[in-house]
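Residue-level structural notes
This is what each chain is made of:
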Amino acid sequence: MSSMEDKIKGVANQAIGKVKEEVGHVTNDKKLEGEGVAQNIKGKVQQTTGDAKDAVKSGVDKI
């Protein structure tokens, strides 16, 4: 997966996770709220992975 794909999927997972988290909070559905938190974290990890791939590629390109 390319760094751009990682970043796009990361943003999407963060957005969906945040919605799940808020809906779970409003409806007092702790399971949905927890799923949202987990999906939000997954999205952040995906974005970080994309950033790391970019950094590695940039470093290799300088060599």
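This text gives an overview of the structure that appears in the document. All values reported here derive from a predicted model rather than from experimental measurement. Throughout this description, residue numbers start from 1 for each chain and increase along the sequence as written. For a predicted model such as this one, the threshold for reporting local features is a pLDDT of at least 70, and the threshold for listing and counting side-chain atom pairs is 80 or more; totals across whole chains, interfaces and linings nevertheless cover every residue. Side-chain calculation: all heavy atoms of the structure are included, whereas hydrogens and water are not.

Here we look at the overall build of the protein chain
Only runs of H or I of at least four residues qualify as helices and only runs of E of at least two qualify as strands under DSSP, and these elements are numbered from the N terminus. What the protein chain contains, in helices and strands, is two helices and zero strands. The quantity called the radius of gyration is restricted to C-alpha atoms. Its globule counterpart is 2.2 Å times the number of residues to the power 0.38. Taking 63 residues into account, the globule formula puts the C-alpha radius of gyration at 11 Å, and the protein chain, at 15 Å, lies well above it. A principal-axis box enclosing the C-alpha atoms of the protein chain has dimensions of 55 × 15 × 15 Å. The classification of residues rests on relative accessible area computed with a 1.4 Å probe and restricted to protein chains. Under 20% of the type maximum is buried, over 50% is exposed, and intermediate values are partly exposed. A total of 63 residues make up the protein chain; the buried ones form 24% of that total. Restricting to contacts in the protein chain with at least 6 residues of sequence separation, those with at least 24 account for 58%. When the accessible area of the protein chain is evaluated, it comes to approximately 4400 Å², of which 64% is carbon and sulfur surface. Two residue types count as positive, namely Lys and Arg, and two as negative, namely Asp and Glu; His and chain ends fall outside the count. One atom stands in for each charge, and that atom is NZ of Lys, CZ of Arg, CG of Asp or CD of Glu. Treating the 11 positive side-chain charges of the protein chain as one cloud and the 10 negative ones as another, the clouds have centres 2 Å apart. Here, residues are in contact when the closest pair of their heavy atoms is within 4.5 Å. Accessible areas in this description were obtained via Shrake-Rupley with a 1.4 Å probe; residue shielding takes into account the shown protein chains only.

Some remarks on unusual backbone geometry
Positive phi is not limited to glycine here, since Asn 28 has a value of about 60°. Positionally, Asn 28 belongs in the loop between α1 (3-26) and α2 (30-62). Here Asn 28 falls in the exposed class, since its relative accessible area comes to 57%.

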